[in-house]
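Understanding the architecture of this molecule
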Amino acid sequence: QLGKMPAVPGVPAMLGLPPGFPTLPGRPPFLPGLAMPPIPGAGNLTQQQALEYEQSKARDTALEPEVVELVHYFKISDRHAKMLNEQLKKRNNSYEEDIASLYEILKGAKNPGDLLTVSIRWMEKGTFRGALTPNPGVEKAAKMYKLDAPSACKLAEVLESREDPDADLRKLCEHLAASNKPSSLVMQMLKDIKDGKPIQPCTRA
């Protein structure tokens, strides 16, 4: 007869169901369109897996003690701490050197959180070189004019967005050569450089 399924040997017929409808001993039948009843013990297994996942996640996101100490020392936000922690874990071979370099970069900064963001971005790009900036020209200028780490770092950052960073750096060096406070001068000129304004020729001897 159409609509009836053949009986399955050893499987008792359920009340109100055609013979042979699939069932499991000791469990209610599976009806199409309805959710499967929970299997005893499966819920506990899922909870155990969830607990293990959360523990693993906590280990992965736990802040390293040196990171906590650094952000507290410079009064930097927890958001920065988490980003830094994530990047440092990807740089295991240089962890201690990176921490020491960050102290060097941030120690004279008026806004250490801003400088830390720049350093984290360079880590993400794979161009972070510790206390040295990724720009060799800036490093040469920093050594020649004794720029401090914060001003060199910010200068390297703003030059990244310039159309001709090498030409801009040469013009800037003319100003630095005539200044008795080159680091302060760099910080004063950063906004105009970042805004895309041209660097004017130095008029001082």
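Refer to the structure presented above.
Throughout what follows, the structure given in this document is the object of discussion. Numbers given to residues run from 1 along each chain, matching the order in which its sequence is written. Owing to the predicted nature of the model, reporting of local features is limited to residues with pLDDT of at least 70; listing and counting of side-chain atom pairs is limited to 80 or more, with chain, interface and lining totals taken over all residues. Side-chain measures were taken over the full set of non-hydrogen atoms in the model, leaving aside hydrogen atoms and water.

1. Details of the layout of surface pockets
Of the volumes computed, that of the largest pocket is approximately 260 Å³. Only protein atoms enter the 1 Å grid used here. Points where a 1.4 Å probe fits but cannot escape make up a cavity, open sets with protein on both sides within 12 Å along at least five of seven lines make up a pocket, and a residue lines them when an atom lies within 4 Å of a point. Lining the largest pocket we find 14 residues, and of these Gly 108, Ala 109, Lys 110, Pro 150 and Met 187 sit closest to its centre. Only DSSP runs of H or I reaching four residues or more are called helices, and only runs of E reaching two or more are called strands; each is numbered from the N terminus. Where the lining of the largest pocket is concerned, the elements lending two or more residues are helix 5 (112-125), helix 7 (149-159) and helix 9 (182-194). Sorting elements by how many residues they give to the lining of the largest pocket places helix 9 first, with four residues. Residues are grouped as follows: nonpolar covers Ala, Val, Leu, Ile, Met, Phe, Trp, Tyr, Cys and Pro; charged covers Asp, Glu, Lys and Arg; every other residue, Gly included, is treated as polar. Class assignment for the residues of the lining of the largest pocket results in five nonpolar, five polar and four charged. Grid points are joined across faces, edges and corners, and a volume is the space filled by probe spheres set on the points.

2. Let's talk about the packing of aromatic side chains
Side-chain rings of Phe, Tyr and Trp (the six-membered ring for Trp) are treated as a pair once their centres are within 6.5 Å; stacked means planes under 30 degrees apart, edge-to-face means over 60, and tilted covers the remaining angles. By the definition in use, this model includes three aromatic pairs. Between the aromatic rings of Phe 74 and Tyr 103, the centroid separation amounts to 5.6 Å while the plane-to-plane angle is 50°, which identifies the pairing as tilted. Pair noted here: Phe 74 is in the loop between helix 2 (65-73) and helix 3 (78-89) and Tyr 103 is in helix 4 (residues 95-106), with a separation of 29 residues, a long-range link.

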